[in-house]
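# Chains, contacts and geometry: an overview
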Amino acid sequence: MSEISIDESEAIPETLRERDQWVCWREEERDGKPTKIPVTPGAGGFASATASETWASFEAALDYTETEHADGIGFVFTDDDPIVGVDLDDCRDPDTDDVDDAALDIITRLDSYTEVSPSGTGYHVLITGTLPDGRNRRGSVELYDTARFFTVTGDHVERTPTRVARRQDALTAIHREYVQDTERDTAPESEQRGGAAARSPTTDAVDVDVDVDLEDEDLLKKARNASNGEKFERLWNGNTVGYDSQSEADMALCCLLAFWTGGDRTQMEQLFRQSGLMREKWDEVHYADGSTYGEKTIERAIATTSEFYDPDAGDDAADPHGTPDGVTAGGTPAETDRSRAYLAEKNRLLSERVDELEATLEQKTERIETLEAEIERLTDELDARDEETEQSHEEDSGTGDETDDDPKPASLLNRFFGGRSE
């Protein structure tokens, strides 16, 4: 039976639903593991992502999932459409909704329709654009634009757009950083296995030449007494209020630690393990280069921190202001350019969205005004007809007869609101 409800199907963007590029799928065991087999809607035979005669309309595919022969629906990518699918596997905890940093980064930058995958452990992001040349898969990140089908659930992720947006620049950057990564492909194997010290798919390791040399106890005291010490204390105690996920809270604390330790990875690691945010995920390998979640979080925190505590400047300089949240310029010119470009693009998209909403609101306001004016006109006309009717009754001395060709007053409202005229 179908895993998608009518309500969820309505969440699927019209850009996809209007195309006759839909198949169904059912789960079968292949080589000892569950596999999603494409099925032709209605016919029930095997479907092919390269044979259009095995595809159908969205409605036909959805209807067929009500039978015992299909478990869900899927969209087929072709050369004739601009749709690109980004498949993020094994990046979501279905029990806690916790998301890996890499997946969160990709979803945020693509900023397009995103839904939870059928397993509940991943995400599918759909955008329009052109997939860059080169490989299309690395680790748990896959990109598709032709001859493949994407399972579609309609389980839309809140706070992501409901439309399939054009994101060519973001797609190109993500393909380069997370998938292609030609510099890593040609690097020695020993470097690729270097964990946090090696080059990563998202950022280059940053060596920070800042000698802070504070003991843990002294460092924590300074961090708590700084102007943002209240925030530090909350994060240190494991309080994630104000953050969309614990991963974001982890990054925020690591950025603060990066500031106070001068980017000392070892001390940051030791301190984070003492905090209330420490959990098993910290030591899990989450990246294709073998890095653990904790190693990559520390690496990114250092890369996105643009200033560090300087003991020689005195305690007055012990406030990193906004930099530790990981949203300001990075520690290198390249990181700075990327951060600025991302924020500029984000602001542009938000401005466009605001303009769209304002235009829609203006159209609806005009429509309401038109309807109100029409209703007022009809009401006046009805009142006039009532007066004519009363005068007619008086002239006819109470006969009360109406001619058959005199339209009933209500017919005017019926015509306006879609009724049939008399």
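Before going into details, it helps to say that this report is about the structure given with it. What you see is a predicted model; the values in this text were computed from it and never measured.

A few words now on the sheet that holds strand E6 (residues 123-128). Pairing is antiparallel across the open sheet formed by 5 strands, whose spatial order is E5-E6-E4-E8-E7. Both outer strands of the open sheet, strand E5 (114-116) and strand E7 (137-138), are each paired with one neighbouring strand and no more. Sheet topology note: the E5/E6 ladder contains 3 bridges and is antiparallel. Looking across to E6, one finds that Glu115 is bridged to His124.

What follows is about the packing of aromatic side chains. Applying the stated criterion to the full structure yields 11 aromatic pairs. For the pair Phe232 and Trp236, a centre-to-centre distance of 5.9 Å together with 15° between the ring planes defines the contact as stacked. Taken together, the positions of Phe232 and Trp236, both in helix H9 (residues 229-236) and 4 residues apart, correspond to about one turn of that helix. Neither residue differs from the other here; Phe232 and Trp236 are each classed as buried. For the ring pair Phe272 and Trp282, a centre distance of 3.9 Å and an interplane angle of 10° mean the geometry is stacked. Pair noted here: Phe272 is in helix H11 (residues 265-274) and Trp282 is in the loop between H11 and helix H12 (293-303), with a separation of 10 residues, a long-range link. On the basis of relative accessible area, Phe272 is assigned to the buried category, the value being 0%.

As a further point, take helix H10 (residues 246-261). Taking 1.5 Å of rise per residue, 16 residues should cover 22 Å, and H10 covers 22 Å from first to last C-alpha, within 8% of that figure. With respect to burial, H10 is a largely interior element, 14 of its 16 residues being buried. At the C-terminal side of H10, Gly262 shows a positive phi close to 70°.

Together, Glu376, Asp380, Asp383, Asp386, Glu387, Glu388, Glu390, Glu394 and Glu395 line one region of the surface with negative charge. Along the chain, Asp380 turns up in helix H13 (residues 333-395).

Of all the 10 residues making up helix H4 (residues 101-110), 7 are buried; the element is thus mostly covered by neighbouring parts of the structure. At the C-terminal side of H4, Asp111 shows a positive phi close to 50°.

Quick look at the sheet that holds strand E2 (residues 33-39) now. One open sheet accounts for 4 strands, arranged E2-E1-E3-E9; its pairing is antiparallel. Each end of this open sheet is capped by a strand with a single partner; those strands are E2 and strand E9 (148-152). Averaged over all pairs of adjacent strands, the angle between strand axes in this sheet comes to 45°, irrespective of strand direction. Inspection of the sheet shows strand E1 (residues 22-30) paired to E2 by 7 bridges, in the antiparallel sense. By the bridge assignment, Glu28 is partnered in E2 with Thr35.

So, about the layout of surface pockets. In this model, the second largest pocket occupies a volume close to 740 Å³. Forming the walls of the second largest pocket are 21 residues, and the residues nearest its centre are Lys36, Asp87, Asp89, Glu142 and Arg148. A breakdown of the residues in the lining of the second largest pocket according to their chemical character gives 5 nonpolar, 8 polar and 8 charged.

So, on to the environment of Ala147. Tracing the sequence through the fold places Ala147 in the loop between strand E8 (141-144) and E9. Separated by 71 residues in sequence, Ala147 and Val76 have C-alpha atoms that sit 7.0 Å apart. Here Ala147 is in contact with Ala49, Thr50 and Phe77, once residues within four sequence places are set aside.

This part takes up the pairing of E6. Within E6, 6 of the 6 residues are buried, which leaves the element mostly enclosed by the surrounding structure. With 6 bridges joining them, strand E4 (residues 83-88) and E6 adopt antiparallel strand pairing. For Leu88, the partnering residue across the bridge sits in E6 and is Tyr123. Taking the residues that link successive antiparallel strands as the turn, the E5-E6 hairpin has 6 residues, and the phi of Gly120 there is positive, at about 85°.

The rules behind each value
Residues numbered from 1 in each chain as written. Predicted model: local features only at pLDDT ≥ 70, side-chain atom pairs only at ≥ 80, totals over all residues. Heavy atoms only, no water. Pairing = 2+ DSSP bridges. Helix = DSSP H or I, 4+ residues; strand = E, 2+ residues; numbered from the N terminus. Phe/Tyr/Trp six-rings, centres within 6.5 Å; stacked < 30°, edge-to-face > 60°. Buried < 20%, exposed > 50% of the residue type's maximum accessible area, 1.4 Å probe, protein only. Expected span 1.5 Å × (residues − 1). Patch = residues over 30% accessible without salt bridge, like charges linked within 9 Å, V, L, I, M, F, W, Y side chains within 5 Å. Areas by Shrake-Rupley, 256 points an atom, 1.4 Å probe, with all protein chains shown as cover. Salt bridge = Lys/Arg side-chain N within 4 Å of Asp/Glu carboxyl O. Lys, Arg positive; Asp, Glu negative; His and termini not counted. Charge placed at Lys NZ, Arg CZ, Asp CG, Glu CD. Axes fitted to C-alpha atoms, helices over the stretch in contact; angles between N-to-C directions. 1 Å grid on protein atoms, 1.4 Å probe; cavity = no way out; pocket = protein on both sides within 12 Å on 5 of 7 lines; lining within 4 Å. Points joined across faces, edges and corners; volume = space filled by probe spheres on them. Nonpolar A, V, L, I, M, F, W, Y, C, P; charged D, E, K, R; others polar. Contact = heavy atoms within 4.5 Å.

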